[in-house]
Amino acid sequence: MPRITQSSCHIHRAVLLAWLAAWVLLPAAVPAADPPEALRDRTKSDFDEQAIHALDFMLTLSLTREQARDILPIIEDACRLHLDHHRRLAETQPERIEAYTAFLEEDRLNQGFSPKVERRAAQVHRQGVAIRDERAAALNDLSDRVWEHLTDEQRLAAEEYKPRREAVSDALATRSEKLRAARHRALRGETRPPRHHDGNRALDEARRERAELYRSVHEMPDNIATYLLSPAAAGWLYKRAGEERPDVVRRAVECQKNGTSDYPLEQCKKDDTTARALSREINNWNLVNGMHFSCEQIEELIRLIHKAENLKVALRHSRPPSGMSRRDYNAAMVQLELAAEDALNPGQLEVLKNYHPCLVPPQNLKNPVRVGQAADNTQMTRWLQQARTKPERRVEIMIDQLLEKEEHRFGEFGPDELERRRNLLRDTVRKAADMDDVEFALNKDALAEAIQPTNPLRELVGRIDELSRARLMPGNTAKFLLHKEMAEVLRIRHQQLTGPFASQRSRAGTEAAGASAHE
Amino acid sequence: MPRGATRTNRSKTVHDLTRRAFLGTLSRCGLGACGFCAVAEWDLQRALAAERPESGPRREVEFFETLPGGAVRCGICPRHCVLNDGETGACRSRVNLGGRHYSRGYARPCIIRADPVEKIPLGHFLPGAETMTVAVGGCNLHCLYCQNWQHSQARPDKLKTFDLPPDEAVEAARQKGVKVIAFNYTDPVAFLEYAKDVAVAARKAELRIVAATGAYIEPEPLLDFAQYVDAITIGLKGFTNDFYETVCDAKLDGVLNSITTIANKTDCWLELVNLVVPTYNDDPATIREMVGWIRRNVGCETPLHFSRFVPMYRLTNLPRTPVTTLESACRIARDAGLKHVYTANIAPHDGANTYCHKCGASLIQRLGLKILENHIADGRCPKCRSPIPGVWK
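What counts, and where the lines are drawn
Residues numbered from 1 in each chain as written. Chains lettered and ligands numbered in written order. Predicted model: local features only at pLDDT ≥ 70, side-chain atom pairs only at ≥ 80, totals over all residues. Helix = DSSP H or I, 4+ residues; strand = E, 2+ residues; numbered from the N terminus. Rg over C-alpha atoms; globule rule 2.2 N^0.38 Å. Contact = placed C-beta atoms within 7 Å. Buried ≥ 20, exposed ≤ 12 C-beta atoms within 10 Å, placed from the backbone. Expected span 1.5 Å × (residues − 1). Pairing = 2+ DSSP bridges. Axes fitted to C-alpha atoms, helices over the stretch in contact; angles between N-to-C directions. Right-handed = clockwise from strand over helix to strand, strands pointing away. Domains from an automatic or database assignment. Nonpolar A, V, L, I, M, F, W, Y, C, P; charged D, E, K, R; others polar. Parallel < 35°, antiparallel > 145°, perpendicular 65-115°, else oblique. Left-handed = near helix turned anticlockwise from the far one by under 90°. Arc of directions from axis to C-beta. Core = buried A, V, L, I, M, F, W, Y, C linked by C-beta atoms within 7 Å. pLDDT = per-residue confidence, 0-100.

A tally of regular secondary structure across chain B gives ten helices and 17 strands. Radius of gyration (C-alpha) of chain B: 27 Å, far over the 21 Å computed for a compact globule of 393 residues. With respect to the three principal axes, the spread of C-alpha positions in chain B is 110 × 50 × 40 Å. Put simply, of all contacts in chain B between residues at least 6 apart along the chain, 67% involve residues at least 24 apart.

If you want it as structure tokens, here you go:
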């Protein structure tokens, strides 16, 4: 295959992609005798799309036959990983749904969580995150091995690769479909910038920072891991290397296309969708429970959500120049957002400002400090209490451990930042150690507050919200409150507050629990 | 040697010790060990007692009666515990030592904290002021839902404590820059002698004193203490004797007496708090009866806080109080004519905010224990200039 340079890459890519996909590679890569017509179906499978992106990526890299051969053992390992991941999903997804459902039921009642249900939900959530992160880490390790076989040019191309949305449609659409799509784009005025690029440098910068920070906390598969180490790419790579696919690769391809006999892909996707929907609903309930809306507030919010939904529909179906533009939509949404904020009291606004979607609500939402409650020490207060009694050498170890935990949670510190944080902790511990017990008891909360770590991700979310508002774009209030899923949650809460049936049921449940307590 | 012979010899060795003999030996060993441990424990306790016989500063209780045979009858709370020499009262903090009645936790607080005054809870007393809160172990009530049971249901000398004589307590508050000393978390009735001495010293230093109490106390000691107190929050935990006996191990009459005493015979600013426990004291009819009594005997301007129950101590199998129950309790109280009714332990909730009872203007906006907005000027509503009952400066 001739070597494709970076500059002429896109022309060659388009031509080669269409040709290869239509005539040669697709039938070969999909040995289950899937004709190209099947892929032109409106319901293109994820696997087909992944295969096209994989091909696009390979063409971008222009791998040689030798390179493809060198990569094959790594692909085998990647396929094993995919099979293992699917097996783990099969084991954990049903449990996840069960735990979330139990948690949601208690969340709806707003009477606190039983420790067992709360622990289980948190556990399966952590397990899910761990499975995702471990898979990403393992894939990235394999990606490092692939990296060693690439040239500098290919490495650059791999790093800069961005999947083209039109790659799939270019490869699969008929001529009339392409024409129709082009006409539609022209009608919609496709010259407008993409969704997340509104020309505001500060906002773009904040969004980019947020994405980078997120990547530094959660392991994300890189481009090679995503496009080359997927079973969907295996077909192309074996074809390129001119070798037969081993059994593990066949099984991985089959697994990614249809799942396994004991956990079909349809079921896997359904479970995933259910778990995500449950998680979203739990987020909404957490917010509603933490806000303690009155009936009047709920009615007003539902009215505003209706308006917001109508706006969304209008935006989706409008045609410029007579229809609604994105700018009009933003302006109208901002008006609705302001109306929603007017309906809230200052306390609720404060909670909303600091709200972050969560599965298990934080202590201040779930169980705020109560009147007359003595034991309300924060984690930081306890840490300080321990550290002040320890010798200096031990304090250094404690600081190291704390910093390590913070880096794990919030992302790595820069060298200056790390030193600043270390000095702050050291000084505060020294100050606390110099105090007598009574003085420390009176000042511990203030000292702990001073060394409380800040979550940079949350700070960025706040900054993005502020910048969006400054640009007359809807912010977090609209994001968290003005959507149709929230309307449903609010409707149920309204029924709970007013409906006789709901209150009777709640009362009956309470009495049953009370009877057992009396016993 | 044939294999069978070895097996026979070995089994014979094992069978020398019969099961009966083995169990007998084992039980004798066990009994011996138990006996040894008991003697050792007794010896250790005796040694500790000899080393520290009710060590630490202690102060004689002012209200008690000497009985024949070296016994004393405590006169602080309506229990009137009769204590023989060496015995401790139901509050775990007063002890008869050689026929004299002593307060055990004197100057040994187990909790010292800087808290907002809203944590007492006090809604109409210097909003947002920081307090130095002090608590000594022990309590004369034994509430099943106590959220500080680790401290209140323990002997003061069994807890980790600070050494803080009254003068030093006042000095610590001054150093911290707080203007209010509070007695909260455990009932000051259990450490009345210390609380009074701190209050006297605080009065000299022009600091304010506030207290949160279950008010299960005789009028005489209460009046003696209250003369040094600026504000008091009384927990009216229920309104039936049955509730008080079942849940708090006390009697309702004693508490009602204290409330009327404070309201009618002292200058203390009074607020009341009622923890609404599902199925125990959330009956609307009882709440109606309670607020009616408050209106008649205390007045309609006394703030009343309905507080949310959270499963604690021995009532962990009850759910939290539904927000609707608290809201309906508030409605009942307002309908009965009480002017300032609040919800506590729910945030953010409109019920936690202060509104003018005349024009309905928003006066104080709260988020939990935090003050977000305070519009009260010179103790009056900024809109209609009606005086708002309370201590505002």
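The subject of this paragraph is the overall build of chain A. Across its full length, chain A holds 25 helices and zero strands. The 519 residues of chain A split such that 27% are buried. Contacts in chain A between residues far apart in sequence, at least 24 positions, make up 82% of those at least 6 positions apart.

Bringing helix 22 (residues 456–470) of chain A into the picture now. The first and last C-alpha atoms of helix 22 of chain A sit 21 Å apart over 15 residues, in line with the 21 Å expected at 1.5 Å per residue. A positive phi of about 55° marks Leu472(A), the residue just after helix 22 of chain A.

Our focus in this paragraph is the sheet that holds strand 15 (residues 354–355) of chain B. Taken together, the three strands give an open sheet; going across it, the order is 15-16-17 (chain B), and neighbouring strands pair in antiparallel fashion. Edge strands, defined here as strands with exactly one partner in the open sheet, are strand 15 and strand 17 (370–374) of chain B. Note that strand 15 of chain B and strand 16 (residues 362–367) of chain B share two bridges and pair antiparallel. When the sheet's bridge partners are listed, Tyr355(B) is paired in strand 16 of chain B with Ser362(B). The sheet strands contacting helix 16 (residues 346–353) of chain A are strand 16 and strand 17 of chain B, and the helix crosses strand 16 of chain B at an angle near 30°.

The next point concerns the pairing of strand 12 (residues 269–276) of chain B. All names here are of chain B. Along strand 12, eight of the eight residues are buried, which leaves the element largely enclosed by surrounding structure. With burial as the criterion, each face of strand 12 is covered, one bearing Trp 269, Glu 271, Val 273 and Leu 275 and the other bearing Leu 270, Leu 272, Asn 274 and Val 276. Relative to strand 13 (residues 304–308), strand 12 runs parallel, the two being bridged by five bridges. Residue pairing across strands places Leu 275 opposite Ser 307, the latter belonging to strand 13. In the classification by handedness, the crossover that spans strand 12, the intervening helix 9 (residues 284–297) and the parallel strand 13 is right-handed.

Moving on, we get to the domain arrangement of chain B. Residues and elements named next belong to chain B. By the assigned domains, chain B splits into domain 1 (111–350) and domain 2 (353–393). Its C-alpha centre places domain 1 at a distance of 22 Å from the equivalent point of domain 2. Contacts between the two partners involve 18 residues from domain 1 and, on the opposite side, 13 residues from domain 2. Partitioning the side of domain 1 that touches domain 2 into residue classes produces eight nonpolar, four polar and six charged.

To continue, consider unusual backbone geometry. Residues and elements named next belong to chain B. Pro 121 follows Ile 120 through a cis peptide bond whose omega is 5°. Of the consecutive residues Ala 347 and Pro 348, the connecting peptide bond is found in the cis state with omega at -5°. Its location among the elements puts Pro 348 in the loop between strand 14 (341–344) and strand 15. The backbone of Arg 92 shows a phi angle near 65°, a positive value even though the residue is not glycine. Here Arg 92 is to be found in the loop between strand 4 (82–83) and strand 5 (94–97).

What follows concerns the environment of Leu481(A). Residue and element names in this part refer to chain A. The topology assignment puts Leu 481 in helix 23 (residues 476–481). Spatially, the C-alpha atom of Leu 481 lies 8.8 Å from that of Glu 337, the residues being 144 residues apart in sequence. With near-sequence residues (within four places) excluded, Leu 481 lies in contact with Leu 301, Ala 340 and Met 486.

The packing of two helices is summarised by the inter-axis angle and the distance between the axes. All names here are of chain B. At a closest axis distance of 8 Å, the pairing of helix 4 (residues 166–176) and helix 5 (residues 192–204) adopts a crossing angle of 50°. Between helix 4 and helix 5, the angle is such that the two are oblique. Between helix 4 and helix 5 lies a crossing of right-handed hand. Together, Pro 166, Asp 167, Ala 169 and Val 170 of helix 4 and Asp 197, Val 198, Ala 201 and Ala 202 of helix 5 make up the contact between the two elements.

This part is about the interface of chain B and chain A. Every contact between the two is made by 45 residues of chain B and, on the other side, 35 residues of chain A. Within the residue set of the side of chain B that touches chain A, elements represented by two or more residues are strand 7 (111–116), strand 8 (130–135), helix 4, helix 10 (323–335), strand 16 and strand 17 of chain B. Take the side of chain B that touches chain A: its biggest share by element is four residues, from strand 7 of chain B. Per-class residue counts for the side of chain B that touches chain A are 26 nonpolar, twelve polar and seven charged.

Residue and element names in this part refer to chain B. Of all the positions in helix 4, only Pro 166, Ala 169, Val 170, Ala 172 and Ala 173 are classed as buried. Buried residues of helix 4, seen end-on, are gathered within an arc of 160° and therefore sit on one face of the element. Among the residues trailing helix 4, Gly 177 stands out with phi positive, at a value near 85°.

As a further point, take the packing of helix 19 (residues 392–410) of chain A against helix 20 (residues 415–434) of chain A. Residues and elements named next belong to chain A. Between helix 19 and helix 20, whose axes approach to 11 Å, the crossing angle comes to 135°. Relative to helix 20, the element helix 19 is oriented oblique. Classified by chirality, the crossing of helix 20 by helix 19 is right-handed. Touching Val 395, Ile 399, Leu 402 and Leu 403 of helix 19 are Leu 418, Arg 421, Arg 422, Leu 425, Arg 426 and Val 429, all from helix 20. Of the residues in the contact of helix 19 with helix 20, the class split is seven nonpolar, no polar and three charged.

On to the nonpolar core. Ranked by internal contacts, the top residues of the largest apolar core, which has 112 residues, are Ile181(B), Val198(B), Val210(B), Val229(B) and Ile232(B). With residues up to four places along the chain from it excluded, the contact list for Ile181(B) reads Thr131(B), Met132(B), Val134(B), Ala169(B), Ala173(B), Val198(B), Ala202(B), Leu207(B) and Ile209(B). In terms of nonpolar packing, the next biggest core, distinct from the first, is built from 36 residues, Ala54(A), Leu81(A), Ala158(A) and Ile224(A) among them.

This part takes up the sheet that holds strand 1 (residues 59–60) of chain B. An order of 1-6-5 (chain B) is seen for the three strands of this open sheet, with the pairing classed as antiparallel. Among the strands making up the open sheet, the edge pair consists of strand 1 and strand 5 of chain B.

This brings us to the pairing of strand 17 of chain B. Residues and elements named next belong to chain B. Taken together, the four bridges between strand 16 and strand 17 define a ladder with antiparallel strand orientation. Counterpart to Gln 365 in the pairing with strand 17 is Glu 373. Adjacent in sequence and paired antiparallel, strand 16 and strand 17 are bridged by two residues, among which Gly 368 carries a positive phi angle near 65°.

This part takes up the confidence of the model for chain B. Residue and element names in this part refer to chain B. Considering every residue of chain B, the mean pLDDT works out to 91; 92% of them sit at 70 or more. Low pLDDT, under 50, characterises residues 1–14; the predicted model gives this stretch one contact beyond four residues in sequence or across chains. Throughout residues 48–53 the model reports pLDDT below 50, and contacts reaching past four residues in sequence, or to other chains, amount to zero contacts. Across the whole predicted complex the pTM is 0.81, and at the interface the ipTM reaches 0.84.

Next up on the list: the confidence of the model for chain A. Residue and element names in this part refer to chain A. The pLDDT averaged across chain A works out to 83; a share of 80% of its residues lies at or above 70. A low-confidence stretch, residues 189–197 stays under pLDDT 50, and its non-local contacts, those more than four residues away or across chains, total seven contacts. Note that residues 501–509 has pLDDT below 50 and, in this model, five contacts with residues that lie over four places away or in other chains.

This part takes up the environment of His292(A). Relative to the helices and strands, His292(A) is located in the loop between helix 13 (265–291) and helix 14 (295–317). Assessed through the 23 C-beta atoms surrounding it within 10 Å, His292(A) is described here as buried. Sequence separation of His292(A) and Lys239(A) is 53 residues, and the distance between their C-alpha atoms is 61 Å. Among residues more than four places away in sequence, those in contact with His292(A) are Val323(B), Ile346(B), Pro348(B) and His349(B).

Okay, the environment of Val371(A) next. Relative to the helices and strands, Val371(A) is located in the loop between helix 17 (363–366) and helix 18 (379–387). For Val371(A), a count of 23 C-beta atoms within 10 Å gives the class buried. Those residues in contact with Val371(A) that lie beyond four places of it in its chain are Lys119(B), Ile120(B), Pro121(B), Ser307(B), Ala344(B) and Asn345(B).

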